[in-house]
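In case you want the letters, here they are:
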Amino acid sequence: MRMWNDFLAPYKQAVVELKVKLKGLRHQYKLEDLHAPVEFVTGRVKPLASIYDKTLEKGIPFEPSPELAAEVPDIAGLRIMCQFVDDIGSVVSMLRMRNDLKIVEERDYISNKKQSGYRSYHIIIEYPVQTIHGEKTILAEIQIRTLAMNFWASIEHSLNYKYQGELPDVIRQRLEGAAEAAFRLDEEMSTIRDEIHEAQSYFSSFKETEKRDIQDTTWKGEPE
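Predicted model, so just to flag it, every value in this text is computed and none were measured.

Draft legend 1. Looking closely at the layout of surface pockets. Volume-wise, the largest pocket comes out at about 1,400 Å³. Along the wall of the largest pocket there are 33 residues; nearest its centre are Arg44, Lys46, Lys54, Asp74 and His157. Elements supplying a minimum of two residues to the lining of the largest pocket: strand E1 (40–45), helix H2 (48–58), strand E2 (76–82), strand E5 (134–146) and helix H5 (147–162). Looking at the lining of the largest pocket element by element, the count peaks at six residues for H5. Residue composition of the lining of the largest pocket, grouped by class: eight nonpolar, 11 polar and 14 charged.

Below, the structure written as structure tokens:
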């Protein structure tokens, strides 16, 4: 188990670092009083059971090795959620400009959805991790999708797990229909994004004003 802990350590460090950096993008947009294309960020290191399944699928040994690191590029995985489909392109453009990571592969499952109806934008990156033994470059996958796409993907993943990848035809057909409905929702929301931005800005301003009023009242009520 020590071998696996040592092998996975830089992946765990990369996920922690990248989550902080990608969440920081949202904060920077807010400081500029601009719409933030990043809604929230999640990350994980692939469990050993999932790595084992991948090694069976690819026909490689289930052991820490450079071959495993190269053949399973999503051991470290980040997911960026966006409000609108157009935001995905903005996030991709920002990632392409960064000099703390290198994009080595892009897969557009939004313009070219999977047969199941799955939509998302996948990027494989090289990311340098600083360790006590020096720099180690690892591969990581960043998935970028809307909230609606993420909801659909989560449901599809659960159903595939339940049916062990053999979905009944009626379930598969309904999932495909749900995927199209989710994408139509994304498209419809995009047509009123300006109104949504105005409403969100108004709500945020209202919350800040209310917060200041409460703080002022509390301050005035304190004894001198």
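Draft legend 2. Broad picture of the pattern of salt bridges. What the rule picks out here adds up to 11 salt bridges. Note that Arg172 and Asp169 form a salt bridge whose closest N and O atoms lie 3.0 Å from each other. Residue Arg172 and its partner Asp169 are located together in helix H6 (residues 169–191), separated by three residues, close to a single helical turn. Assessed through its relative accessible area of 31%, Arg172 is described here as partly exposed. Judged by relative accessible area, which is 53%, Asp169 ranks as exposed.

Draft legend 3. Up close: the sheet that holds strand E4 (residues 121–131). Across the sheet, which stays open at both edges, the five strands sit in the order E1-E2-E5-E4-E3 with mixed pairing between neighbours. Each edge of the sheet is formed by a strand with only one pairing partner; in this case those strands are E1 and strand E3 (102–108). Sheet twist, expressed as the mean angle between neighbouring strand axes with direction ignored, is 25°. In this structure, E3 lies alongside E4, joined through six bridges in antiparallel fashion. Each residue of the ladder has a partner; that of Glu105, found in E4, is Ile124. Along the sheet, helix H4 (residues 85–97) makes contact with E2, E3, E4 and E5, crossing E5 at roughly 165°.

Parameters at a glance
- Residues numbered from 1 in each chain as written.
- Predicted model: local features only at pLDDT ≥ 70, side-chain atom pairs only at ≥ 80, totals over all residues.
- Heavy atoms only, no water.
- 1 Å grid on protein atoms, 1.4 Å probe; cavity = no way out; pocket = protein on both sides within 12 Å on 5 of 7 lines; lining within 4 Å.
- Points joined across faces, edges and corners; volume = space filled by probe spheres on them.
- Helix = DSSP H or I, 4+ residues; strand = E, 2+ residues; numbered from the N terminus.
- Nonpolar A, V, L, I, M, F, W, Y, C, P; charged D, E, K, R; others polar.
- Salt bridge = Lys/Arg side-chain N within 4 Å of Asp/Glu carboxyl O.
- Buried < 20%, exposed > 50% of the residue type's maximum accessible area, 1.4 Å probe, protein only.
- Pairing = 2+ DSSP bridges.
- Axes fitted to C-alpha atoms, helices over the stretch in contact; angles between N-to-C directions.
- Contact = heavy atoms within 4.5 Å.

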